[in-house]
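Chain by chain, the residues run as shown.
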Amino acid sequence: MWVYEKRLQCPVNIKECNAKLAQAIISQYGGPDGEMGASMRYLSQRYSMPYKEVIATLTDIGTEELAHLEIVATIIYQLTKDLSMEEIKASGFDKYYIDHTIGIWPQAAGGVPFNACEFQVKGDIITDLVEDMAAEQKARSTYDNILRLCKDYPDVYEPIKFLRAREIVHFQRFGEALRLTQDKLNEKNFYAFNPSFDTTAPCLNDMKCQQ
Amino acid sequence: MNQNQLFEFIRNNSFMIDEIGLFLNTHPECKEALHAYDEFKKLRKKAIEEYTEMYGPISKYNVNADNYWTWVNSPWPWQKECGC
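Computed from a prediction, not measured in an experiment: that's the story for all the values here.

J.: Describe the overall build of chain A, naming the residues involved and giving the relevant values.
T.: Across its full length, chain A carries nine helices and zero strands. Counting helices and strands in the order they occur from the N terminus, chain A gives α-α-α-α-α-α-α-α-α. By residue count, 34% of the 211 residues in chain A fall in the buried class.

J.: Give me the lowdown on the overall build of chain B, citing residues and values where you can.
T.: Of regular secondary structure, chain B possesses two helices and zero strands. For 84 residues, the compact-globule estimate of 2.2 N^0.38 gives 12 Å, and the C-alpha radius of gyration of chain B, at 15 Å, exceeds that figure by more than 25%. Expressed as lengths along the three principal axes of its C-alpha atoms, the size of chain B is roughly 45 × 30 × 25 Å. Across the 84 residues of chain B, 4% fall into the buried class. Taking as baseline every contact in chain B between residues at least 6 positions apart, the subset at least 24 positions apart corresponds to 37%.

J.: A description of helix H8 (residues 154-184) of chain A should follow, citing residues and the corresponding values.
T.: Residues and elements named next belong to chain A. End to end, H8 covers 46 Å across 31 residues, agreeing with the expected 45 Å (1.5 Å per residue, within 8%). Where H8 is concerned, the buried positions are Val-156, Pro-159, Ile-160, Leu-163, Arg-166, Glu-167, His-170, Phe-174, Ala-177 and Thr-181. Buried residues belonging to H8 abut helix H1 (19-25), helix H4 (52-80) and helix H7 (125-149).

J.: Tell me about the nonpolar core, residues and numbers included.
T.: Residues and elements named next belong to chain A. In terms of nonpolar packing, the biggest core is built from 39 residues, with Ala-22, Ile-25, Tyr-29, Val-72, Ile-75, Ile-76 and Leu-79 touching the most fellow members. Listed by contribution, the elements that provide at least two residues to this core are H1, helix H3 (35-45), H4, H7 and H8. The element best represented in this core is H4, accounting for eleven residues. Residues within four places of Ile-25 in sequence aside, it is in contact with Val-72, Ile-75, Ile-76 and Ile-146.

J.: An account of the interface of chain A and chain B is needed here, citing residue identities and associated values.
T.: Quite often, the size of an interface is put as the accessible area lost when its parts meet. Facing the six residues of chain A at the interface are six residues of chain B. For the side of chain A that touches chain B, the class distribution of residues is three nonpolar, no polar and three charged.

J.: A description of unusual backbone geometry should follow, citing residues and the corresponding values.
T.: Even without being a glycine, Thr-101 of chain A presents a positive backbone phi close to 50°. Mapped onto the elements of the fold, Thr-101 of chain A is located in the loop between helix H6 (94-100) and H7.

J.: Provide a residue-level description of the packing of H7 of chain A against H8 of chain A, including the pertinent values.
T.: All names here are of chain A. Their axes nearest at 9 Å, the elements H7 and H8 cross at an angle of 160°. Judged by the inter-axis angle, H7 sits roughly antiparallel to H8. Between H7 and H8 lies a crossing of left-handed hand. For the contact of H7 with H8, the per-class residue count stands at 17 nonpolar, four polar and seven charged.

J.: Requested: an account of the packing of H3 of chain A against H4 of chain A, with residues and values cited.
T.: Residue and element names in this part refer to chain A. At a minimum axis separation of 8 Å, H3 and H4 run at an interaxial angle of 160°. Classified by the angle between their axes, H3 and H4 sit roughly antiparallel to one another. Seen from above, H3 lies across H4 with left-handed handedness. Where H3 approaches H4, its residues Glu-35, Met-36, Ala-38, Ser-39, Tyr-42, Leu-43 and Gln-45 are matched on the opposing element by Leu-58, Ile-61, Gly-62, Glu-65, Leu-66, His-68, Leu-69 and Val-72. For the contact of H3 with H4, the class distribution of residues is nine nonpolar, four polar and two charged.

J.: Which residues make up the confidence of the model for chain B, and what values go with them?
T.: Considering every residue of chain B, the mean pLDDT works out to 94; 96% of them sit at 70 or more. Across the predicted assembly, pTM comes out at 0.91 and ipTM at 0.92.

J.: How would you explain the environment of Trp-71 of chain B if you had to name every residue and give the values?
T.: Among the secondary structure elements, Trp-71 of chain B is positioned in the segment after helix H2 (31-55). Taking the number of C-beta atoms within 10 Å as the measure of exposure, Trp-71 of chain B has 19 and is therefore partly exposed. Considering only alpha carbons, one finds Trp-71 of chain B and Ser-59 of chain B, twelve residues apart in sequence, at a separation of 8.1 Å. Ignoring sequence-local partners within four residues, the contact set of Trp-71 of chain B consists of Ala-56 of chain A together with Pro-57, Lys-60 and Val-63 of chain B.

J.: Explain the environment of Thr-57 of chain A residue by residue, including any values.
T.: All names here are of chain A. Mapped onto the elements, Thr-57 comes out in helix H4. Residue Thr-57 is classed as buried on the basis of its C-beta count, with 23 C-beta atoms lying within 10 Å. The spacing of Thr-57 and Arg-173 is 116 residues in sequence and 7.4 Å in space, taken between C-alpha atoms. Leave out the neighbours within four places in its chain, and Thr-57 touches Arg-173, Phe-174 and Ala-177.

Conventions adopted
- Residues numbered from 1 in each chain as written.
- Chains lettered and ligands numbered in written order.
- Predicted model: local features only at pLDDT ≥ 70, side-chain atom pairs only at ≥ 80, totals over all residues.
- Helix = DSSP H or I, 4+ residues; strand = E, 2+ residues; numbered from the N terminus.
- Buried ≥ 20, exposed ≤ 12 C-beta atoms within 10 Å, placed from the backbone.
- Rg over C-alpha atoms; globule rule 2.2 N^0.38 Å.
- Contact = placed C-beta atoms within 7 Å.
- Expected span 1.5 Å × (residues − 1).
- Core = buried A, V, L, I, M, F, W, Y, C linked by C-beta atoms within 7 Å.
- Nonpolar A, V, L, I, M, F, W, Y, C, P; charged D, E, K, R; others polar.
- Axes fitted to C-alpha atoms, helices over the stretch in contact; angles between N-to-C directions.
- Parallel < 35°, antiparallel > 145°, perpendicular 65-115°, else oblique.
- Left-handed = near helix turned anticlockwise from the far one by under 90°.
- pLDDT = per-residue confidence, 0-100.

In structure tokens form, the structure reads like this:
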């Protein structure tokens, strides 16, 4: 069960509109490494996880990603809410405006709609946790790219910096979840296959097994 | 009340709050609904305190963190042993 709290995890107070920045930052709303995909990935992966520490990590990070989705939306909202028609035309925001006015819709910076194919739920703890670590790094790189675009806009820079820092913390926590998982694997399980589904280590040499 | 009964009480009570709160969004002056909301809110607060004290947390913002982090331990809602 989820409960909403009427607060942002990190404050956002942007004084000036900037449609160009908004078009870039929207990628972290519905783009390939954005917060929507992150949240759905972690919350969906929880069910097939064999260890409760990993379930807790996925639940808590998946929940926090929803809070990040709201922060990103707030940034885009504040960057676009007072745009004039001239600014909309001059910034190239007109293509988005045609379909969504200044509503907030999940798409990548290039206009590609949000797609669940941007994340995976493999039902294998090793596969899923390695994906999660990669996902945090991809999101961190995206925030780095955004930071390079907005370094002259401190109102935008600060909350983006906060979001970037969270990617690093999450990467660390997923790394710990993976290490904890590997500690629990069978000692024959050199290649770290799925302990929740494949219950015994495979033996490539039948003769050796019989001995 | 045993653990299951207390848990069921919290679930039902919380749903009442969800339902009445939704109604109040569009009927913010309804005295009857406001009164009912208030009653359920008090009951819920007490039941959650009691449950958390005896059986562990149901919210991450309400963990009794005296000497061990109990958030991960109890079964998760989709696990069969949970019964919730």
